[in-house]
Amino acid sequence: MLLLASASACVCSLQHPPVGNRRFPASEQGKQRSGPVAMDGDGANNSWTELNGTTALPWRAVNPWDVMLCASGTAIACENAMVVAAIFYTPALRTPTLALVGSLATADLLAGAGLVLNFVFEYALPSPTLNLLTVGFLVASFAASIISLLAITVDRYLSLRHALTYLSDKTLRWAHAMLLVTWGAALLLGLLPVLGWNCLERPAACGAVRPLTRGCLTLLAGAFLVILALMLALYARICKIVCRHAQQIALQQHFLAAAAAASHYAAAKKGVSTLAIVLGTFGASWLPFAVYCLLGRPDDPPVYTYATLLPATYNSMLNPIIYAYRNAEIRRAIYVLLCGCFRTRAAHRSGSPSEV
């Protein structure tokens, strides 16, 4: 539980570059100050100590917003680590649908770890290079999380549209292809800041969230809006399919086989409600930050970045809670993993995504 030990740490070097190892100007050395804490030009508090007649390097006071982001990252990493471990150590959970859920949990786990690392690099090891690498890592992790949600939505749609052939080998290949596309696209987006879409050497090109350029922020926000639109369109189609099948079941209740069909689509309705919760949480969490990336300016107060970024991290915090409590197999696997109270013998069910 190394992440718990670093619970006092996390991000927003996205908005402010590190203070740097600056010495106190020679023209002002020896001047008296009113107290042990001085304010530098960018508004950060720094402590100064005189050692052997020379001025020591400053340290940056911890921003409470950074602490909240770090706490959020720690919770995200711990929650999603349990989901990833449950799926990895439980053979019965290795279905195409739960593979996509595992991809989502893995992305959120990396995002939480990235938030913690970003805080550490911001305050303990300030370096523009490390800061840029961490920002790229966070972009890739959150992009993988968002694209994984789209992949789960596509899988939900296919499971209802092609219910009779859903568990075929074709579905497994399709799930693997979606995983490949998800992480390939996330890696490409994460490399953008490292490959030059940053403003470390071009301050005039900075966007609302540093060190990303305006072009990079526009691309990321635009990709988010496209994904959100696709998810909403797929969700509308899913609702139509469920309503149509519900009407068909109502007309065929006098047949014996209708009972099994009714049970299947009752489970499907539960899956749709879960998906609605995920989509609602996803939109409410990320939309403010995406809009700010498009409309914000470099000279906006830093609190705007914090106030929109912090809720965005809550989406990664809520995703494992939704899956753990609404999927009985994942919940049981986590309980077995943590407590060891039962034998690890999960029932081999159909692997339907209706509970996801």
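Look up a bit, the structure's there.
First things first, this report covers the structure right here in the doc. Sequence order as written defines the numbering, with residues in each chain counted from 1. Selection of residues for local features in this predicted model requires a pLDDT of at least 70, selection of side-chain atom pairs for listing and counting requires 80 or more, and totals for whole chains, interfaces and linings are taken over all residues. Hydrogens are left out, water is left out, and the side-chain values use all remaining heavy atoms of the structure.

1. Some remarks on the pattern of salt bridges
Rules: One side-chain nitrogen of Lys or Arg within 4 Å of one carboxyl oxygen of Asp or Glu is enough to make a salt bridge. Relative accessibility thresholds used throughout: buried, under 20% of the residue-type maximum; exposed, over 50%; partly exposed, between the two (1.4 Å probe, protein chains only).
Inspection of the entire model under this criterion finds 2 salt bridges. Of the charged contacts, one joins Asp 299 and Arg 297 as a salt bridge, the two residues approaching to 3.8 Å between their closest N and O atoms. The salt bridge partner of Asp 300 is Arg 297, with a shortest N-O separation of 3.6 Å. Judged by its relative accessible area of 12%, Asp 300 falls in the buried class. Arg 297 gets classed as exposed once you look at its relative accessible area, which sits at 51%. One salt-bridge network, held together by shared partners, links Arg 297, Asp 299 and Asp 300.

2. Digging into the state of the cysteines
Inclusion rule: Throughout, disulfides are identified as pairs of cysteine sulfur atoms within 2.5 Å of each other.
Tallied over the entire structure, the rule returns 1 disulfide. Here Cys 199 engages in a disulfide with Cys 206; their sulfurs sit 2.0 Å apart. Measuring the twist about the S-S bond at about 95 degrees, one finds the Cys 199-Cys 206 disulfide to be right-handed. Each of the two residues, Cys 199 as well as Cys 206, counts as buried. Distance from the sulfur of Cys 216, which forms no disulfide, to the nearest cysteine sulfur (Cys 293) is 9.3 Å. You can call Cys 293 buried: its relative accessible area is 10%.

3. A word on helix 9 (residues 328-339)
So the rule is basically this: Numbering of helices and strands starts at the N terminus; helices are DSSP runs of H or I of at least 4 residues and strands are runs of E of at least 2. By this rule the span expected of a helix is its residue count minus one, scaled by 1.5 Å. The arc in question is the one spanned by the directions pointing from the helix axis to the C-beta atoms.
Counted at 1.5 Å a residue, the expected span for helix 9 with its 12 residues is 16 Å, and the 16 Å between its end C-alpha atoms agrees. Every buried residue of helix 9 is listed here: Glu 329, Ile 330, Ala 333, Ile 334 and Val 336. Looking down the long axis of helix 9, one finds its buried residues gathered within 160 degrees of arc, a one-sided arrangement.

4. Remarks on the packing of helix 2 (residues 64-89) against helix 3 (residues 96-123)
Here is the rule: The angle between two axes is taken between their N-to-C directions and runs from 0 to 180 degrees, where each axis is a line fitted to C-alpha atoms and a helix contributes only its stretch in contact. Throughout this description, any angle smaller than 35 degrees is read as roughly parallel, any larger than 145 degrees as roughly antiparallel, any in the 65 to 115 degree range as roughly perpendicular, and the remainder as oblique. Helix crossings are classified by the rotation of the near helix relative to the far one: an anticlockwise turn of less than a right angle makes the crossing left-handed, while a clockwise turn makes it right-handed. Residues are grouped as follows: Ala, Val, Leu, Ile, Met, Phe, Trp, Tyr, Cys and Pro are nonpolar; Asp, Glu, Lys and Arg are charged; all remaining types, including Gly, are polar.
At a minimum axis separation of 7 Å, helix 2 and helix 3 run at an interaxial angle of 150 degrees. Viewed along their axes, helix 2 and helix 3 adopt a mutual orientation that is roughly antiparallel. As helix 2 runs across helix 3, the sense of the crossing is left-handed. The class makeup of the residues in the contact of helix 2 with helix 3 is 18 nonpolar, 6 polar and 2 charged.

5. Focus: the environment of Thr 213
Note the following rule: Here, two residues are considered to be in contact whenever any of their heavy atoms come within 4.5 Å of each other.
As for its placement among the helices and strands, Thr 213 is situated in the loop between helix 5 (169-194) and helix 6 (214-251). In this structure Thr 213 comes out as buried when scored by relative accessible area, which is 7%. Along the primary structure Thr 213 and Leu 200 are separated by 13 residues, whereas in three dimensions their C-alpha atoms are 9.2 Å apart. The contacts of Thr 213, once residues within four sequence positions are left out, are Trp 197, Asn 198, Cys 199, Arg 202, Ala 205, Cys 206 and Gly 207.

6. Description of a positive patch on the surface
Our working rule: Each patch is built from residues that are more than 30% exposed by relative accessible area and take part in no salt bridge. Like charges join if they lie within 9 Å; nonpolar side chains (Val, Leu, Ile, Met, Phe, Trp, Tyr) join within 5 Å. In this description, accessible areas are obtained by the Shrake-Rupley approach with a 1.4 Å probe, and a residue is regarded as covered only by the protein chains that are shown. A residue counts as positive if it is Lys or Arg and as negative if it is Asp or Glu; His and the chain ends are not included. A charge is said to be at NZ when it belongs to Lys, at CZ for Arg, at CG for Asp and at CD for Glu.
Together, Arg 161, Arg 237, Lys 240 and Arg 244 line one region of the surface with positive charge. Element by element, the count of residues in the positive patch is highest for helix 6, at 3 residues.

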